[in-house]
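A closer look at the structure
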Amino acid sequence: MEIRSSLKRKSMFALIVYLCFFLATIGSLTYLAVDSPFRKELKQYLDLRAELLSSQVLDPLNRSVGVLQSIVSIAQASESQEEASRMLRSIFSTVDDVVISGGIWPKPFSVDPYVKYKGLFFNRATDGNIDQLYSWNNPEAGGYDSEVWYVSGMEEPSGSIFWSPVYVDSFTQIQMITVTSPYYVNGEFAGVATVDLSLQSLTELISLHAERYQLGVSLKDSFGSTITEHNFRLRDGAYVSKYTFGDFNWKLDVVNSHRLVDDDVYDLVMSVEKGILPLLLFCLMFGYYLINRYLINPIVVIAQKVDDSKEGGIIDVPYNSQDEIRYLIDTFNQKTVYLEAEKIKAQASTKSKSIFLATLSHEIRTPMNGVLGMAQILLRGDLKPQQRKQLKSLYESGEHMMSLLNEMLDFSKFEQGHMELDNSKFPLEFIIGSVTSVYSSLCHEKGLQFKVHSEVPANRWYYSDKARIRQILFNLLNNAVKFTSRGFVEVFFSEVKLDGQLYLSIRVRDTGIGIEKAAQEKIFRPFEQAESSTTRRFGGTGLGLAIVKQIAELMEGTVSVNSKVDIGTSFQVNLKIDVCEPELVEGNHSRHLSYSGLKVLIVEDNRTNTMIIETFMKNKGFECECVENGELAIQAVANGQFDLILMDNHMPVKDGVEAIHSIRQLQGPQSQVLILGCTADVFKDTRESLLNAGADSIVAKPINAGELDDALYKHINKLYQYHSEMPKLTFSGSAEELLVKLYIAIENKAVGEALEIVELLENSLDLPSDSQLVTTLASVKSHLEEGELPPKASIDLLTILLSDF
């Protein structure tokens, strides 16, 4: 068993959790102890800063009031405007940067009965010069007696002061504020005096103060208008110090611009915890040392010893304490001794089972080779309809028996972990075609509709185990046809992407008897079916779906079922698959060669099998010679000339592997003769032994005529290596079948396959050279040889001309 966690890590983690808990507890207590006084101190600090900043803002404003009172005195005491003008110029040349302008604004017509406005207004320029401005004395501009700052002082008591809202000067774009006071002469209202203040220096003062002390400051006038803000950001939980000052009721808000009061409290708590952290770490390491020495290390040593003793053996650990660990060691050693004995028994049983299955496979396949072989031979003869029907039933029963045997052997391979995938490139159309050809007729015989739906892109090629995918389909479809008596059977192909990986999705749906919900889980278990009566009613081993599940998992996929009783069943299989580039595929036609003049050596110790194979080969035109074992085969090859050897595996004297190896060691060209291994043993190691010894290919028993034809055609060059001419290829079907295949090839733009079919037509039809059909075939062939599809008119003409054939 893989150790996925560690006691050392767990103990360290536990101690760290304890440390964190201790720090949290100490921190919480410290927080409660220092929070209230420290928070109060921080708030007092902000309040003090707000008060100091307010006094610094108020000071220049109070000085401006003094300037205003001096201007009022000048207005009341001056005997002439010239004197007042001279005194005002003197005042504005000495004031600070806050006061930048101001003046005296007499009541209209009070200075000169013929002149309405005689205001004295002075402004200090940026260069320090004092300028007198006359724009307010222009009656056409509206006059000053209608301005707010003038009207606010009319008829008000002497000494009253009025502050205007903050405004932005239209010429300098600087924030300004005006303070106004009325003046009286001989007890009567004579006008108002004003002072204009620039707030730029106050804004700079606030910004400088805020930056220096890391504060956020907001200054507003009595009307609620913001004069200036700097770093003023209100956050949840932030403390705001509010201060109102001056006769004009300005409001100053101060916050900590960078940190909350809570943050400062937290930092203080953390500083306390950092002070005690070294002590806690020392205690932690010392505690870990004790736990590791007296508890963890013995257990780790035991785990290591157990890992080292996976193949057997007891744990020998020096541990003297009579506690639970000692008891664990002793108990484990007792169990180990017992399990070692059981292991020996299990290995012997498994070996016996494998030998039994191998023997069973060979012993059953050998007589079945005789049964199926003889049936194939007899089916080719002249039989009465009733005899042919009975013989066909015999052959199908034998095929069914072989399928049951194959299921048992496949499941045995899965149990022993010997099942492997044989990946290769193939088009999905091959699988769809084989499924359609087999199950269309089966469903038709039962009165069922059979449909295949594919959403996979056309001409899609995969790199996977074609045989295992076909096996999954056949197992599912066998069940669907078996358990469906009316309705339909459908197959759906599509592609899905799960977690970035492409999967081939196969769904098989039927309208059969259905499966109860409680039984849906056990149908994927070996030797189990939905009901105990299923085997009696429908037959089977109960291994088909178990094998489907095993293959799906081997291909990193899944299988699921959705079914309702008396409605139908749907199986969904997702198989991990890789897309690959298409390759030129040779048409899968039934090929027959003229084997006349070729000589085959049949090496077989079973007389029945010898008769069957000899009959097969003689029907193909071979001249046959038969021997009973590998030793005689070696002598025959050394002393004679053969084009082909069909080599059995299990034989007396010398088996097939030894015989093939010895033949390949012979001197001369006969050592390279074509050898096909013929074995009833389906285990992979047996086949690999034959191929490693030098066999060119394997033909399984019972021998299938089509499989034998394919093997011969695949090695046609080696079969005719001792002859000067190759045979002509012919097609076993009718001209109509060839024409249909030609249509399909042209529609799929498979130029190579179409060219091969045209050549088959040329070789199959015995026609004079001047025949129009020969000319048409030549025209179609020329287009295909140039890699282009023939014109539709040529294909239509070819169809008409072939109607006689």
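Residues numbered from 1 in each chain as written. Predicted model: local features only at pLDDT ≥ 70, side-chain atom pairs only at ≥ 80, totals over all residues. Heavy atoms only, no water.

The protein chain is annotated in an unreviewed UniProt entry as histidine kinase of Vibrio plantisponsor. Taken from UniProt, the Catalytic activity (unreviewed entry) comment for the protein chain reads in full: "ATP + protein L-histidine = ADP + protein N-phospho-L-histidine." (UniProt positions renumbered as here; feature names shortened; annotations may be inferred.)

Now for the overall build of the protein chain. Across its full length, the protein chain carries 21 helices and 26 strands. Taking all 805 residues of the protein chain together, the buried fraction comes to 42%. In the protein chain, once contacts between residues fewer than 6 apart in sequence are set aside, the share between residues at least 24 apart is 64%. For the protein chain, the exposed surface amounts to about 44,000 Å²; the carbon and sulfur share of it is 53%. (Helix = DSSP H or I, 4+ residues; strand = E, 2+ residues; numbered from the N terminus. Buried < 20%, exposed > 50% of the residue type's maximum accessible area, 1.4 Å probe, protein only. Contact = heavy atoms within 4.5 Å. Areas by Shrake-Rupley, 256 points an atom, 1.4 Å probe, with all protein chains shown as cover.)

Reading across from one edge, E12-E14-E19 is the order of the three strands in this open sheet, with antiparallel pairing throughout. Unpaired on one side and paired on the other, strand E12 (424–427) and strand E19 (578–580) mark the two borders of the sheet. On average, each strand axis in the sheet is inclined to that of its neighbour by 40 degrees, with strand direction left out of account. Inspection of the sheet shows E12 paired to strand E14 (residues 461–464) by four bridges, in the antiparallel sense. Paired with Ser424 across the bridge in E14 is Ser464. (Pairing = 2+ DSSP bridges. Axes fitted to C-alpha atoms, helices over the stretch in contact; angles between N-to-C directions.)

Turning next to the pairing of strand E3 (residues 130–133). Taken residue by residue, a regular strand's side chains alternate between the two faces of the sheet. Only one face of E3 is buried, namely the one carrying Ile130 and Gln132, since none of Asp131 and Leu133 on the opposite face is buried. One ladder, built from four bridges, connects strand E2 (residues 120–124) with E3; its direction is antiparallel. Bridging from a neighbouring strand, Phe121 pairs with Leu133 of E3. The loop that links E2 with its antiparallel partner E3 comprises five residues; one of these, Gly128, has a positive phi angle of about 95 degrees.

Now for the layout of surface pockets. Taken as a whole, the second largest pocket spans an internal volume of roughly 1,000 Å³. Surrounding the second largest pocket, 34 residues form its lining, Ser101, Phe121, Asp169, Met176 and Asp196 being those nearest its centre. At the level of secondary structure, the elements contributing two or more residues to the lining of the second largest pocket comprise strand E1 (99–106), E2, helix H3 (148–151), strand E6 (175–185), strand E7 (188–198) and helix H4 (200–213). Classifying every residue of the lining of the second largest pocket by side-chain character gives 15 nonpolar, 13 polar and six charged. (1 Å grid on protein atoms, 1.4 Å probe; cavity = no way out; pocket = protein on both sides within 12 Å on 5 of 7 lines; lining within 4 Å. Points joined across faces, edges and corners; volume = space filled by probe spheres on them. Nonpolar A, V, L, I, M, F, W, Y, C, P; charged D, E, K, R; others polar.)

This part takes up the UniProt feature "modified residue: 4-aspartylphosphate" (unreviewed entry) in the protein chain. Those places that UniProt annotates as "modified residue: 4-aspartylphosphate" (unreviewed entry) correspond, in this numbering, to Asp648. Relative to the elements of secondary structure, Asp648 occurs in the loop between strand E23 (644–647) and helix H14 (656–664). Residues contacting Asp648, with those up to four places away along its chain left out, are Val603, Glu604, Asp605, Gly656, Cys678, Thr679 and Lys701.

Moving on, we get to H4. The first and last C-alpha atoms of H4 sit 20 Å apart over 14 residues, in line with the 20 Å expected at 1.5 Å per residue. Every buried residue belonging to H4 is among Leu202, Ile206, His209 and Ala210, and all of these are buried. For H4, the angular spread of the buried residues around the axis is 100 degrees, confining them to a single face. What points out from H4, more than 90 degrees from its buried face, is the exposed set Leu208 and Arg212. (Expected span 1.5 Å × (residues − 1). Arc of directions from axis to C-beta.)

This paragraph deals with a nonpolar patch on the surface. Among the surface-exposed residues, Phe282, Phe286, Tyr289 and Leu290 lie close enough to one another that they form a single nonpolar patch of about 450 Å² accessible area. Relative to the helices and strands, Leu290 resides in helix H5 (residues 261–308). (Patch = residues over 30% accessible without salt bridge, like charges linked within 9 Å, V, L, I, M, F, W, Y side chains within 5 Å. Salt bridge = Lys/Arg side-chain N within 4 Å of Asp/Glu carboxyl O.)

Pairing is parallel across the open sheet formed by five strands, whose spatial order is E22-E21-E23-E24-E25. Looking at the sheet topology across the chains shown, the edges are occupied by strand E22 (623–627) and strand E25 (697–700). Here the strands of the sheet are splayed against their neighbours by 25 degrees on average, with no regard to which way each runs. Along the sheet, H14 makes contact with E23 and strand E24 (674–679), crossing E23 at roughly 155 degrees. Together, E23, E24 and E25 form the strand contacts of helix H16 (residues 705–714), whose direction differs from that of E25 by roughly 170 degrees.

With respect to the helices, strands and loops of the structure, Arg124 is situated in strand E2. Looking at Arg124, its side chain comes within polar contact range of the main-chain oxygen of Val95, at 2.7 Å. (Polar contact = N/O pair within 3.5 Å; in protein donor to acceptor, adjacent residues only side chain to side chain.)

Applying the stated criterion across every chain yields a total of 12 salt bridges. Among the salt bridges present, the one from Lys549 reaches Glu553, with a minimum N-O distance of 2.5 Å. In this pair, Lys549 and Glu553 both sit in helix H11 (residues 544–554), four residues apart, roughly one turn of the helix. Residue Lys549 is classed as partly exposed on the basis of its relative accessible area, which comes to 31%. Here Glu625 ties to Lys599 by a salt bridge, and the two come within 3.6 Å at their closest N and O atoms. A residue pair is termed long-range when its members are at least 10 positions apart, and Glu625 in strand E22 and Lys599 in strand E21 (residues 599–603) qualify at 26 residues. A network of salt bridges, in which partner residues are shared, links Arg664, Asp696 and Lys718.

Let us look at the packing of aromatic side chains. Overall, the coordinates contain 14 aromatic pairs when judged by the stated rule. Here Tyr439 and Phe450 contribute two aromatic rings whose centre-to-centre distance is 6.4 Å and whose plane-to-plane angle is 35 degrees, an arrangement assigned as tilted. Here Tyr439 is found in helix H8 (residues 428–445), whereas its partner Phe450 is found in strand E13 (residues 449–454), with 11 residues between them in sequence. With respect to burial, Tyr439 and Phe450 carry one shared label: buried. (Phe/Tyr/Trp six-rings, centres within 6.5 Å; stacked < 30°, edge-to-face > 60°.)

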